[in-house]
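Overview (structure and organization)
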Amino acid sequence: MCGIIGYIGSKEATPILLEGLKKLEYRGYDSSGVGVCSAKDGKIIVRKAQGKIRHLEDLIKSHPITHATTGISHTRWATHGAPSHRNSHPHCDVKQTIAVVHNGIIENYQELRQELQKKGVKFVSETDTEVVGHLVAEYFKGDLVKAVQKAIGRVRGAFAFGVICSADPNLLVAARVGSPLIIGIGKGENFIASDVPAILDKTKRVIYLKDGEMAALTRDDVKIWKFDGKPVTPKIDTVTFTVGSAQKEGYPHFMLKEIHEQPHVLAQMIKSRIKNDHVVLDGIGLSDNQLKSIKNIYIVACGTAYHAGMVGKYLIEKIAGIPVVVDAASEFRYREPILQKNTLILSVSQSGETADTLAAVRDARARGAKAITICNAVGSSLVRESDGVLYTHAGPEIGVASTKAYTAQIGMLYLFALKLGELHKKLSDQERHKIIKEFKHIPSLYKTILQQKEHVAQIAKKKFRFGCFLFLGRNVNYPSALEGALKLKEISYIPAEGYAAGEMKHGPIALIDEYRAVVCIAPQSEVYEKMISNIQEIRARKGKITAIATEGDKDISKHADYVIYIPKIDPLLTPLLVAIPLQLIAYYIAVNLGCDVDQPRNLAKSVTVE
Ligand code: AGP
């Protein structure tokens, strides 16, 4: 979704802002803009462009900005009003003395707009954001902090703001509710940003602004207050990501790089979370006694994280014997689920900022439930709003299509299931030992699978012209089928359906003919034979089959057009392995089609609005 970067220091702001915007491109956007305070004539200068950031760069090349060391900038993902020059940010007041960038949605903007229009304010955009520029201008009596504070008091909804003012070019004001915003602390310069990668090459010292806080940045200082004016002592964190983790490092796309990072992510997880054959879940926030008393679990998540949650249901029910319901967070929050005294809410999220997941957790906690989040983004809203966190530490995921975050989520769900299994006395020491031993092999097995990427690329070459795909799996790999289909549709735009293979006869079989590509997930497991029956049925109807099967399974090649092998492993762990061929299939098909793999159309990396 929208991205923000702001700068205050002694260098020219515009190049720094443009550089930062490029690092936020992965969030998804359709237009961009910068606004700076010019020291030359005490004015605010704004440049905006529809489309890619290179269009904004071209505009700035032809209409340069100099002598401006304070500025804000934005990538916009349209919500209110079409992607266009006039709707892109920053938005200003009528006299262009105030400029605002905004992430989030202002819910009462219509009524504020009418109120301002009655006072004679002329609006130039269709956005919800523009009201803020006019409100701040109306309240500005020489003190920008006070004016922003008053304006905030009038708006409802979710927001992260960056505000500058021509009357005080040595000040940058920021505020947040709902939408994330960080402050980067430099030497003689400071930054605001919606996400760490935007400023990672400038500083690793960050303050995660909390909901209901605002900040005033000068070159050498950062002051933070609650909206009611109460001062806050800022806590400065040091980000552990390296600059390299937010760069492609020789890979053609972030997605391919992130697919290749999965052995490392799982190896790190094993190293830090398994000690002397026991699972260690530091940060979980609940005591062993509280974990022992859990009677049922709701997993809430969206998209890929929801699919990881579905795998988690199979794992927790099988390993720990605790009933689990998995809900898309957007459904959970409106269906009044029945929460009991010992119900646990387990949210799963890469970004920790997904609006629906956050709302589901808030709602459940307000009703007395305990909540743990499995999350990748350190210090994110979900982390702050949960009783405990299990960080996946997968590193920044820049490709919009989630890959390493997904397998890290499944890995963590596996460890969580083991912990519960141990505490609920469902697992003997021997069983735990066996499972942990298998789990420890995952990183090296990943490397083996990745060696087959050329084979997958060849399959993709034969398949990319198919107009529709069906992904089938059973049991713990039913969610894998859903995820395989999601991956393909989001980056290649090919319609794809994921289905529980047992359900095929109840409808989707009508789709099968010689023009249908079907991916069958059929590793060795108790449902293997059932999968083979499904494969036969597809073959009888001339469907074109790619199977994902266990090494050594020669028979399957008799039924399938192509086979991708994964190493033999405990069936419960197979979703971790089959994820890689599924990701590679989607990746290479999208590349063959010439799609923008890392920034697919219409998608945002983190969906911070409902
Ligand atoms: C994954 O490829 C997606 N782009 C998307 O479904 C994502 O998983 C979903 O929006 C949830 O995001 P989160 O993990 O940051 O909460």
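Only a predicted model underlies this, so the values are computations on that prediction, with no experimental measurement involved. (Residues numbered from 1 in each chain as written. Predicted model: local features only at pLDDT ≥ 70, side-chain atom pairs only at ≥ 80, totals over all residues. Heavy atoms only, no water.)

Here's the deal with the site of the ligand
Test applied: Near is defined per residue: the residue qualifies when any heavy atom it owns lies within 4 Å of the molecule or strand. Within 3.5 Å is the distance limit for a polar contact, defined as a pair of N or O atoms, with the added protein rule that one can donate a hydrogen and the other accept it, and that residues adjacent in sequence qualify only through two side-chain atoms. Per-residue accessibility takes into account occlusion by the displayed protein chains alone, with areas from the Shrake-Rupley method and a 1.4 Å probe. Helix and strand labels come from DSSP, where a helix needs a run of H or I of at least four residues and a strand needs a run of E of at least two; each type is numbered from the N terminus. Think of it as three bins: nonpolar holds Ala, Val, Leu, Ile, Met, Phe, Trp, Tyr, Cys and Pro, charged holds Asp, Glu, Lys and Arg, and polar takes everything else, Gly as well.
The ligand sits among 13 residues. The nearest are S349, Q350, S351, T354 and E490. S402 places a main-chain nitrogen or oxygen 2.8 Å from an oxygen atom of the ligand. With respect to the ligand, the side chain of K487 contributes an N or O atom lying 3.0 Å from an oxygen atom. Burial of the ligand by the protein amounts to 91% of the accessible area it has alone, namely 410 Å². Looking at the shell around the ligand, the elements with two or more residues in it are helix 9 (303–320) and helix 16 (478–492). The biggest single contributor to the shell around the ligand is helix 9, with three residues. Of the residues that constitute the shell around the ligand, the class distribution is four nonpolar, seven polar and two charged.

Some words on the side chain of H134
Put simply, the rule is: When checking whether two residues touch, look at their non-hydrogen atoms; a contact exists if any pair is within 4.5 Å.
Within the secondary structure layout, H134 lies in helix 4 (residues 130–139). Separated by 2.9 Å, the side chains of H134 and E130 make a polar contact. The residues contacting H134, other than those within four sequence positions of it, are C92, D93, V94, L116, V121, K122 and F123.

Some thoughts on the domain arrangement of the protein chain
Defined as follows: Reported domain spans reflect what an automatic or database domain assignment gives. Take the accessible area each of two parts loses on contact, using a 1.4 Å probe, and add the two losses: that sum is the buried area. Salt-bridge detection follows one rule: a side-chain nitrogen of Lys or Arg within 4 Å of a carboxyl oxygen of Asp or Glu.
The domains assigned to the protein chain are domain 1 (3–239), domain 2 (242–448) and domain 3 (452–594). Tallying the contact residues gives 30 residues for domain 2 and 30 residues for domain 3. Contact between domain 2 and domain 3 buries roughly 2,700 Å² in total, counting both sides, with carbon and sulfur atoms accounting for 71%. Its salt-bridge partner being E526, residue K318 comes within 3.8 Å of it at the nearest N-O pair. Our count for the contact surface shared by domain 2 and domain 3 stands at eleven residue pairs in polar contact (both at pLDDT 80 or more). Within the residue set of the side of domain 2 that touches domain 3, elements represented by two or more residues are helix 6 (254–260), helix 9, helix 13 (404–423) and helix 14 (429–450). With nine residues, helix 9 is the single largest residue contributor to the side of domain 2 that touches domain 3. Of the residues that constitute the side of domain 2 that touches domain 3, the class distribution is 17 nonpolar, eleven polar and two charged.

Regarding the pairing of strand 26 (residues 544–550)
For clarity, the threshold we go by: Between buried and exposed lies partly exposed: a residue is buried under 20% and exposed over 50% of the maximum accessible area for its type, with that area taken using a 1.4 Å probe on protein chains only. Seen with its strands pointing away from the viewer, a crossover is right-handed if its path from the first strand over the helix to the second goes clockwise. The pairing criterion is simple: DSSP has to find at least two bridges between the two strands.
A large share of strand 26 lies buried, amounting to six of its seven residues. In this fold, the crossover linking strand 25 (residues 517–522) to strand 26 by way of helix 17 (residues 528–540) has right-handed handedness. Bridge analysis of strand 26 against strand 27 (residues 562–566) gives five bridges, and the strand direction is parallel. Bridge pairing links I548 to I564 in strand 27.

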